[in-house]
Each structure stands twice: as structure tokens, then as C-alpha cells.
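The chain contents come next:
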Amino acid sequence: MRTELISHINSAKRNCTLCHAYRNLKSTTEQEKITKSSTRKAYNLLNTIFEELKSKDADIKQIENAKKAKSLCLDALDACTNCDKQRPYVKEFFINIK
């Protein structure tokens, strides 16, 4: 599950960067769709991880990290929706996920 999560995060970061880079050259709607889709998938996986950690009474630090990562995904989705394409906002949010 971890490799799948990393794959979705990397896809979102890569497509956000492409959307930002191509902003003046061509339509970036495809990259924007992929960025949002990958971010939603990462959020869903993190939500599953969060619920599993809670049900197993895992260490509080792990639960807090999963909760923080979920929150960053939602913030990244909002940033993508309101993006002015001047900076790769989603990529900047995902840099903070460890």
C-alpha cells in the first residue's frame, strides 16, 4: 500500500509541475485532471491507513502523521482547484509529506 501511495503522490507532483511548466504553451487541463485524481487517490489511501491505525491502537505519532498527511492532501486539492498556475502548489504541499 505504501508503494501505491508513493506512486500517487509522485504522479500528482509530476503533473502539477507539468501543468505549471506548460501554462503558456498549451492547455494544461489533462495534467490538472491527473493531478487532482492522483491527489484524491492518495487521500483515500491515507484515509484507509488512518482508519487501520486507529483500529489497531497504533502509536499516537503514526496516527497523527497519517492525519496530517490526509489534511495536506485536502489542502493540495483546494490549491489545485484555485490555482493561478504561477507556482506548482500541489508539489509544494506534497514535499511536506514524509
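Numbers given to residues run from 1 along each chain, matching the order in which its sequence is written. A pLDDT threshold of at least 70 governs which residues receive local features in this predicted model, and a stricter bar of 80 or more applies before side-chain atom pairs are shown or counted, although totals over entire chains, interfaces and linings include all residues. Remark: hydrogens and water are excluded; side-chain values derive from all non-hydrogen atoms of the structure.

Concerning the packing of helix α2 (residues 29-55) against helix α3 (residues 60-81)
Right, on to step 1. Between the N-to-C directions of two axes lies an angle of 0 to 180 degrees, each axis being a line fitted to C-alpha atoms and, for a helix, fitted only over the stretch in contact. Starting at the N terminus, helices and strands are each numbered in turn, a helix being any DSSP run of H or I of at least four residues and a strand any DSSP run of E of at least two. The interhelical angle for the contact between α2 and α3, taken along N-to-C directions, is 160 degrees, at an axis separation of 9 Å. Relative to α3, the element α2 lies roughly antiparallel. α2 and α3 meet at a crossing whose hand is left-handed. Every residue of α3 that contacts α2 at E32, T35, K36, T39, R40, A42, Y43, L46, N47, F50, L53 and K54 is listed here: Q62, I63, A66, K67, A69, K70, C73, L74, A76, L77, C80 and T81.
Right, on to step 2. When residues are sorted by character, Ala, Val, Leu, Ile, Met, Phe, Trp, Tyr, Cys and Pro go into the nonpolar class, Asp, Glu, Lys and Arg into the charged class, and all the rest, Gly among them, into the polar class. When grouped by side-chain class, the residues that make up the contact of α2 with α3 number 13 nonpolar, five polar and six charged. Roughly parallel refers to an angle under 35 degrees, roughly antiparallel to one over 145, roughly perpendicular to one between 65 and 115, and oblique to any angle outside these ranges. We call a crossing left-handed when the near helix sits turned anticlockwise from the far one by less than a right angle, and right-handed when that turn is clockwise. In this description, contact between two residues means that some pair of their heavy atoms is separated by no more than 4.5 Å.

Details of the packing of helix α1 (residues 2-21) against α2
Right, on to step 1. Axis separation between α1 and α2 bottoms out at 8 Å; the angle between their running directions is 155 degrees. When the axis of α1 is compared with that of α2, the two are roughly antiparallel. Both α1 and α2 take part in a crossing whose hand is left-handed. Where α1 approaches α2, its residues E4, L5, H8, I9, S11, A12, N15, C16, L18 and C19 are matched on the opposing element by Q31, I34, T35, S38, T39, K41, A42, L45, L46 and I49.
Right, on to step 2. A breakdown of the residues in the contact of α1 with α2 according to their chemical character gives eleven nonpolar, seven polar and two charged.

Side note on unusual backbone geometry
Right, on to step 1. Positive phi is not limited to glycine here, since D57 has a value of about 50 degrees.
Right, on to step 2. Note on placement: D57 falls in the loop between α2 and α3.
Right, on to step 3. Phi at K85 is positive, roughly 65 degrees, even though this residue is not glycine.
Right, on to step 4. Along the chain, K85 falls in the loop between α3 and α4 (89-95).

Quick word on the pattern of salt bridges
Right, on to step 1. In what follows, salt bridge is the name for a side-chain nitrogen of Lys or Arg lying within 4 Å of a carboxyl oxygen of Asp or Glu. Scanning all chains against the criterion turns up four salt bridges.
Right, on to step 2. Between R87 and E92 there is a salt bridge, with its nearest N and O atoms 2.5 Å apart.
Right, on to step 3. The class for E92 is partly exposed, based on a relative accessible area of 30%.
Right, on to step 4. Bridged by salt links that share partners, the residues E32, K36 and K85 form one connected network. Relative accessible area decides the class of each residue, using a 1.4 Å probe on protein chains only: under 20% of the type maximum gives buried, over 50% gives exposed, and in between gives partly exposed.

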